[in-house]
Amino acid sequence: KMAFFWHGHFACRNINIYYQQLLLHIVRTHALGNFGALLREVSKSAAMLNFLNNNQNRKDHPNENFAREVMELFTMGRGTYTEYDIREAARAFTGWGSSLNGEFIFRRAQHDGGQKTFLGKTGNFTGDDIIDILLEQPATALFITRKLYRFFVDESVDDARVEWLAKRFYQGGYAIPQLLEDIFTSDWFLDKAHIGNRIKSPVELWVGLRRQLPIDPGGGATELLIQKLLGQILFFPPNVAGWPGGRSWIDSSSLLFRMRLPQLMAGSEALAIIPKSDDDEQMGRPQAAGRGLDIKIDWTSYALNFRAIAKDELLPAMKRFLLQSPGGPAASLLNQYANLSSRDAYISSTTINLMSCPEYQLC
């Protein structure tokens, strides 16, 4: 889950699959480690350096793209630096690049070794110095903590809680496990107000379906098609800011498909929907026609989850298993559309109906 969070935080759209694999390895290695180490390794990755044009950042011809995004999106956030800071940081990052095989290279001849002033400090700074200075800013800890709070707790941020968490995160040297422990063990984490109030991202929705049902997705093509239709393709964010999340996941077409997806999985009916085209991905080629979902569900194995549950307790147990928050559709409504021919048929049909209800879209 943390690798998924950092994948969105350090959004990178690079068509070099090998570079993306290297970046994922960095994220998975440091996802539960130290944020400073993670930031430094991501900043030196071939995927990010190429995506943000730092291979074109040279002495006397600085490219400010990388320096700007490191501050705006990866560390302090907007409003905490000036355009002058961006220019000076870009000078410090000159010479940072990568080889064709994805290794970090510092091209000394292309580096601006002159004096720079950045966030009130002056020196002959390199890119590593800029990262050190960014980590010295409490604003960095606050920015990361706020984003994690929105990811794990609530889209509506409690500023007092975030400031307390961020202070401990900063004082603890950016230890990610400590921050997560502070969040998960806080007495407010399981408040009813925070349960089932976030809209699942498409990947969270699909992974949840796969973990709760014993699914054979029929190969990677089906999973990629589902990501396209839901609007979140891993390794392919819409831009450098990543996916905005929240209510942006829901519109008139995506909501209908999200709620219809369990029925499509169970029935393997033909899928007449064609994903939205993306010229960066299609590169002028025609969009492929719609296709069915070649998905198989092992309902016999799934029913074993409820083998010890009495008949009159079956529906409440299924609701607890499938829905994040209490409630959901009334038993009278669910039973109206359930297959009552056998216990296993009731379990499978009611499961699909619960997964198709609005409450299943929340976490």
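Anything mentioned here points back to the structure above.
Keep in mind it's a predicted model, so treat the numbers as computed, not measured. (Residues numbered from 1 in each chain as written. Predicted model: local features only at pLDDT ≥ 70, side-chain atom pairs only at ≥ 80, totals over all residues. Heavy atoms only, no water.)

**Focus: the overall build of the protein**
The helix and strand inventory of the protein stands at 18 helices and 6 strands. Here the C-alpha coordinates of the protein stretch approximately 80 × 55 × 30 Å along the principal axes. The buried share of the protein, reckoned over its 363 residues, is 48%. At a minimum sequence separation of 6, the contacts of the protein that also span at least 24 residues come to 67%. Per element, the accessible surface of the protein, about 17,700 Å² overall, is 53% carbon and sulfur. (Helix = DSSP H or I, 4+ residues; strand = E, 2+ residues; numbered from the N terminus. Buried < 20%, exposed > 50% of the residue type's maximum accessible area, 1.4 Å probe, protein only. Contact = heavy atoms within 4.5 Å. Areas by Shrake-Rupley, 256 points an atom, 1.4 Å probe, with all protein chains shown as cover.)

**Regarding the packing of aromatic side chains**
According to the stated counting rule, one finds 22 aromatic pairs in the structure shown. Centroid distance F5 to W6: 4.9 Å. Interplanar angle 70°. Geometry classified as edge-to-face. For the pair formed by F5 and W6, the shared burial category is buried. We note R198 situated over the ring of F151; from NZ or CZ to the ring centre the distance is 5.6 Å. Over the ring of Y360 we find K200, and its NZ or CZ is 3.7 Å from the ring centre. (Phe/Tyr/Trp six-rings, centres within 6.5 Å; stacked < 30°, edge-to-face > 60°. Lys NZ or Arg CZ within 6 Å of the ring centre and 35° of its normal.)

**Topic: the nonpolar core**
Residues M2, W6, F10, F35 and L148 are the most contacted members of the largest nonpolar core, which totals 60 residues. Among residues more than four places away in sequence, those in contact with L148 are M2, F5, V153, L179, L180 and I183. Of all hydrophobic cores here, the second largest spans 33 residues; its members include I215, M318, L322 and A338. (Core = buried A, V, L, I, M, F, W, Y, C linked by side-chain atoms within 4.5 Å.)

**Quick word on the packing of helix α11 (residues 202-212) against helix α13 (residues 252-267)**
One way to put it is that α11 packs onto α13 with a least axis distance of 12 Å and a crossing angle of 30°. The orientation of α11 with respect to α13, classified from their angle, is roughly parallel. Crossing of α11 over α13 shows right-handed handedness. Packed against α11, whose contacting residues are P202, L205, W206 and L209, the element α13 presents R258, L261, P262 and M265 at the interface. (Axes fitted to C-alpha atoms, helices over the stretch in contact; angles between N-to-C directions. Parallel < 35°, antiparallel > 145°, perpendicular 65-115°, else oblique. Left-handed = near helix turned anticlockwise from the far one by under 90°.)

**Focus: the environment of I17**
Turning to its location among the elements, I17 is positioned in helix α2 (residues 17-30). Sequence separation of I17 and A47 is 30 residues, and the distance between their C-alpha atoms is 9.1 Å.

**Examining unusual backbone geometry**
Backbone geometry at D60 places phi at a positive 70°, although glycine is not the residue there. Secondary-structure assignment places D60 in the loop between α4 (46-51) and α5 (65-74). With a phi close to 70°, F235 is a non-glycine residue in the positive phi region. Within the secondary structure, F235 is located in the loop between α12 (220-230) and α13.

**Side note on the pattern of salt bridges**
It is possible for side chains bearing opposite charge to pair when their charged atoms get close. In total, this model carries 17 salt bridges according to the counting rule given. Across the pair D112 and R91 runs a salt bridge, and its minimum N-O distance is 2.7 Å. Placement of the pair is D112 in the loop between β2 (104-106) and β3 (116-118) and R91 in helix α6 (residues 83-92), with a sequence separation of 21 residues. Linked by salt bridges that have partners in common, R40, K44, D128 and D132 make up one network. (Salt bridge = Lys/Arg side-chain N within 4 Å of Asp/Glu carboxyl O.)

**Thoughts on the environment of F118**
Assignment of secondary structure puts F118 in strand β3. Judged by its relative accessible area of 0%, F118 falls in the buried class. Distance in space between the C-alpha atoms of F118 and E88 is 6.1 Å, their sequence separation being 30 residues. Apart from the residues lying within four places of it in its own chain, the contact partners of F118 are M71, D85, A89, F125, I130, I133 and L134.

**Digging into α12**
For α12, the complete set of buried residues consists of T222, L225, I226, Q227, L229 and L230. Buried residues in α12 make contact with α11 and α13.

**As for the side chain of D154**
By the element assignment, D154 lies in the loop between α8 (138-152) and α9 (159-171). R161 provides the closest opposite charge to the buried, unpaired D154, separated from it by 6.8 Å. Within the local environment of D154, its side chain forms a polar contact with the backbone nitrogen of S156, the two atoms lying 2.9 Å apart. Those residues in contact with D154, other than ones at most four positions away along the chain, are Y149, A193, H194, N197 and R198. (Lys, Arg positive; Asp, Glu negative; His and termini not counted. Polar contact = N/O pair within 3.5 Å; in protein donor to acceptor, adjacent residues only side chain to side chain.)

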